Amino acid sequence: MRTSARPTPAPERLDAADGASTRVPVWLTATAVACVLAVIRIAVVAFTPYSTSVGLFDDDAFYYFGVAGHIAAGDGSTFNGLDPTNGYHPLWLLILVPVFSITNGKAALVAVTLVSSVLAIASGRQIDRIGQFTGRPVVVTLCAAPLLVVGAAGPSFWYSGMETGLLLFALLWLAATYLRTDGFTAPDFGAAAARKVGVLVAIAVLARLDTVFPMAVLAVVAVVAWTRAGKPWLRLGLWMAAAPAAALVAYLLVNQALFHTPLPVSGQAKAIGGGGFNADTIGQFLTSPVLFGQSTYLGAIGIVVVVGALVARATGGLGLSARFGAVILAGGALTVGYYAFTSSWQLWPWYFSSAPLAVALAGPALVDKWANWVPARKYAALAVVLVVVAAVGANAVRSGKGGVARSAFIEAGPAVAAQIDALAPAGEPIAMGDRAGSVGYHLHRPVVHLEGLVNSADYLDALKNGTVHQFLASRGVALYARGDSDPGTPDEKNPGCVRFVEPQQGGGTKVDIVVCDKDLLLTTPVADGTSYRVWRYEVNLNR
């Protein structure tokens, strides 16, 4: 039976401190780098004006914040106070509820950033553990540089307010466990160890539900490894599947009981109109994430790195890390492929975290082969660390000044919400589709979300059945808002009026919203060239 054999670093390798010691300088650890990046992020959120700090989060994060705030206030799982919703990944929301039960306003954003910092630093610690298990800690840190950069800048996987930071932590912890247990085949890997792995899998899946794809790939890899090692693969597989299966069954049952649908409405909304093939998602996968407005092509780079690492046939911890990186990338590709066939929506940055994570895990197997060729290795490693910090620092300065095109509409949210709240009739519901996160979170009136991401199963039924206007009338909707530059289509039946199509995203079932020039109540320009506009919603024009 094969036993674990983690290699001892050779003295000439990149991570050797002085030729005989494998002790790594603190400044070359991912944990230390993550700490520095966390301090930068916390400082920017804490010391910039509120509107600027709002722009540091994704617009969809405010859907989470709104639901968490309502739950904390005892209103139940709802974004608008009217309709129950399950349009979120459950574990991240569960973490946010205590935050919004004790904080609000600027303090809440700082508190969310502190929680995110803990996850980022804990992720850094798992990267360092992986480095220890491979025997190449500095090489692992260097290969994690792209992940550390896009984790704190650009898509800001750890700090966007979305669930991705929690997911990355869970996957890195699982990767470290995979290496520690020799790919789940160590002599002492039995039922108890399989159950513990299952708990980590359950955490990852509850952090983001479509993680079932990479976890399914991991299960296949594990079964093959157990079979080759002569282990009882069926028994171990059942124990490993127990926790995630129980968690998913409980999740489906709770959803059915509380929301009358077993699956999240956000996923169902995106699936309306699917069934073809959305080739744009493949291009997004290859070119994402975007950093400083430029495509990083980490998806394509990740494919090259993973394939190269597998071809290199590294042994020991390096080989196991490469294999787990392949699992992550294959799972990410399956996830994107699933959405390509089932949804016509554009995918957003948080769908593309698998590539930088795969580079961090598989890269060391490639880099280690050429590590000896790098002169002044320790200084070269320091240079890479400084580049990571400089990139995140530059992004912080840029974001701290405000007015970044990508986040301009999010920054405008608080001011626009205050303007809308001043409109009559006060407190009456408003209907809005795209860009409703920041605005809706800051409003003191209900927002009926026309995209359906944080609406109810009843709304999705209304959208499919062509009864959206009846649904809006039943909710007492008095206003309609948009955040774009679309002039609308002139309505031939009503001179001086235009039609807008909702939802804007995707190619599924649509509904026309008719509004008139005389009913335009608010126009607020945004730095990205769009504007927020609000009209009276006339029931007699929308039936």
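These numbers were taken from a predicted model, which means no experiment stands behind them.

Trainee: Break down the state of the cysteines for me, citing the residues and quoting the values.
Mentor: A complete count under the given rule lists one disulfide for this structure. The partner cysteine of Cys497 in its disulfide is Cys516, sulfur to sulfur 1.9 Å. Between Cys497 and Cys516, the disulfide has an S-S torsion of 85° and is therefore right-handed. Of the two residues, Cys497 sits in strand β7 (residues 497-502) while Cys516 sits in strand β8 (residues 511-516), which places them 19 residues apart along the sequence.

Trainee: Now, about the packing of helix α8 (residues 164-180) against helix α10 (residues 212-229): what can you tell me, with residues and values included?
Mentor: Contact geometry of α8 with α10 gives a least axis separation of 13 Å together with a crossing angle of 5°. When the interaxial angle is binned, α8 and α10 end up roughly parallel. Along the contact surface, α8 presents Leu171, Leu174 and Tyr178, while α10 presents Met215, Leu218 and Val221. Split into classes, the residues belonging to the contact of α8 with α10 amount to six nonpolar, no polar and no charged.

Trainee: Got a sec to walk through the pattern of salt bridges? Specific residues and values, please.
Mentor: Two side chains of opposite charge can pair, provided their charged atoms sit close to one another. Evaluated as defined, the whole model comprises 15 salt bridges. Residue Asp83 is joined to Arg475 by a salt bridge in which the shortest nitrogen-to-oxygen separation is 2.8 Å. Within this pair, whereas Asp83 is found in the loop between α3 (61-72) and α4 (90-102), its partner Arg475 is found in the loop between α22 (468-474) and β5 (479-484), the two being separated by 392 residues in sequence. With a closest N to O distance of 3.0 Å, Asp528 and Arg435 form a salt bridge. Of the two residues, Asp528 sits in the loop between β9 (520-525) and β10 (531-536) while Arg435 sits in the loop between β3 (430-432) and α20 (437-442), which places them 93 residues apart along the sequence. When salt bridges that share partners are traced, they join Arg482, Asp484, Asp486, Glu502 and Arg533 into one network.

Trainee: Describe the layout of surface pockets, naming the residues involved and giving the relevant values.
Mentor: Each pocket or cavity is described by its volume, and for the largest pocket that value is around 930 Å³. For the lining of the largest pocket, the secondary-structure elements that each account for two or more residues are β1 (290-291), α17 (377-400) and α18 (408-411). Within this model, the second largest pocket holds a volume of roughly 720 Å³. Lining the second largest pocket are 32 residues, and of these His89, Leu209, Pro264, Gly267 and Tyr339 sit closest to its centre. Of all elements in the fold, only α3, α10, α11 (233-259), α12 (265-271) and α15 (316-342) reach the threshold of two or more residues within the lining of the second largest pocket.

Trainee: Explain the sheet that holds β7 residue by residue, including any values.
Mentor: Strands belonging to one sheet form pairs held by backbone hydrogen bonds; the direction of such a pair is parallel or antiparallel. Ordered in space as β6-β7-β8, the three strands form an open sheet in which the pairing is antiparallel. With one partner strand each, in any of the chains shown, β6 (489-490) and β8 form the two edges of the open sheet.

Trainee: Talk me through the confidence of the model for the protein; I want residue IDs and the actual numbers.
Mentor: With 94% of its residues at a pLDDT of at least 70, the protein reaches an overall mean of 92. Low pLDDT (under 50) marks residues 1-21, which in the prediction has 44 contacts with non-local residues, meaning those over four places away or in another chain.

Trainee: Summarise the nonpolar core; cite the residues concerned and give the values.
Mentor: Phe65, Phe100, Phe184 and Ile420 are the most contacted members of the largest nonpolar core, which totals 137 residues. Counting residues per element, this core draws most heavily on α8, which supplies 12 residues. In this structure, Ala431, Leu472, Ile513 and Val515 belong to the second largest nonpolar core, which totals 25 residues.

Trainee: Give me the sheet that holds strand β4 (residues 447-449): which residues, what numbers.
Mentor: In spatial order, the strands read β4-β3-β5-β10-β9; together these five strands make up an open sheet with mixed pairing. A single partner strand is all that each edge strand has here, and the edge strands are β4 and β9. Ignoring strand direction, the axes of neighbouring strands in this sheet form an average angle of 20°. Docked against the sheet, helix α19 (residues 413-421) engages β3, β5, β9 and β10, running at close to 165° with respect to β9.

Trainee: Go over unusual backbone geometry, please, and point to the residues and values.
Mentor: Put simply, Ala424 and Pro425 share a cis peptide bond, and its omega is 0°. With respect to the helices and strands, the residue Pro425 is situated in the loop between α19 and β3. Between Glu502 and the following residue, Pro503, the backbone shows a cis peptide bond with an omega angle of -10°. Considering the arrangement of structural elements, one finds Pro503 in the loop between β7 and β8. Even without glycine at this site, Ser156 takes up a positive phi of about 50°. You can see Ser156 is positioned in the loop between α7 (145-152) and α8. The exposure class assigned to Ser156 is buried, which follows from its relative accessible area of 5%. Backbone geometry places Arg313, a non-glycine residue, at a positive phi of 55°. Examined against the element boundaries, Arg313 turns out to sit in the loop between α14 (298-312) and α15.

Trainee: Go over α3, please, and point to the residues and values.
Mentor: Here α3 is 12 residues long and its end C-alpha atoms lie 16 Å apart, about the 16 Å a rise of 1.5 Å per residue gives. Residues Ala61, Phe62, Tyr63, Tyr64, Phe65, Gly66, Val67 and Ala68 constitute the buried set of α3. Contacts from the buried residues of α3 go to α2 (50-54), α4, α5 (105-134), α18, α20 and β4. Positive backbone phi, approximately 85°, marks Gly74, located one or two places after α3.

Trainee: Summarise the environment of Met162; cite the residues concerned and give the values.
Mentor: Along the chain, Met162 turns up in the loop between α7 and α8. Taking the C-alpha atoms as reference, Met162 lies 23 Å from Gly302; in sequence the two are 140 residues apart. Setting aside residues no more than four positions away along its own chain, Met162 makes contact with Asp58, Asp60, Ala61, Tyr64, Trp92 and Trp350.

Trainee: I'd like a rundown of the packing of aromatic side chains, residues and numbers included.
Mentor: Under the criterion given, the structure shown has 22 aromatic pairs. On the basis of an interplanar angle of 50° and a centroid distance of 5.4 Å, the ring pair of Phe62 and Tyr441 is categorised as tilted. With a gap of 379 residues between them, Phe62 in helix α3 and Tyr441 in helix α20 connect regions that are remote in the sequence. Comparing Phe62 with Tyr441 shows no difference in burial state: the two are buried. With centroids separated by 5.3 Å and ring planes inclined at 50°, the aromatic side chains of Tyr178 and Phe324 adopt a geometry described as tilted. Of the two residues, Tyr178 is situated in helix α8 and Phe324 in helix α15; the sequence distance between them amounts to 146 residues. Per residue, the accessibility class of Tyr178 equals that of Phe324, and both read buried. Cation over ring: Arg195 sits above Trp239, and NZ or CZ is 4.6 Å from the ring centre.

How each quantity is defined
- Residues numbered from 1 in each chain as written.
- Predicted model: local features only at pLDDT ≥ 70, side-chain atom pairs only at ≥ 80, totals over all residues.
- Heavy atoms only, no water.
- Disulfide = S-S within 2.5 Å.
- Helix = DSSP H or I, 4+ residues; strand = E, 2+ residues; numbered from the N terminus.
- Axes fitted to C-alpha atoms, helices over the stretch in contact; angles between N-to-C directions.
- Parallel < 35°, antiparallel > 145°, perpendicular 65-115°, else oblique.
- Contact = heavy atoms within 4.5 Å.
- Nonpolar A, V, L, I, M, F, W, Y, C, P; charged D, E, K, R; others polar.
- Salt bridge = Lys/Arg side-chain N within 4 Å of Asp/Glu carboxyl O.
- 1 Å grid on protein atoms, 1.4 Å probe; cavity = no way out; pocket = protein on both sides within 12 Å on 5 of 7 lines; lining within 4 Å.
- Points joined across faces, edges and corners; volume = space filled by probe spheres on them.
- Pairing = 2+ DSSP bridges.
- pLDDT = per-residue confidence, 0-100.
- Core = buried A, V, L, I, M, F, W, Y, C linked by side-chain atoms within 4.5 Å.
- Buried < 20%, exposed > 50% of the residue type's maximum accessible area, 1.4 Å probe, protein only.
- Expected span 1.5 Å × (residues − 1).
- Phe/Tyr/Trp six-rings, centres within 6.5 Å; stacked < 30°, edge-to-face > 60°.
- Lys NZ or Arg CZ within 6 Å of the ring centre and 35° of its normal.

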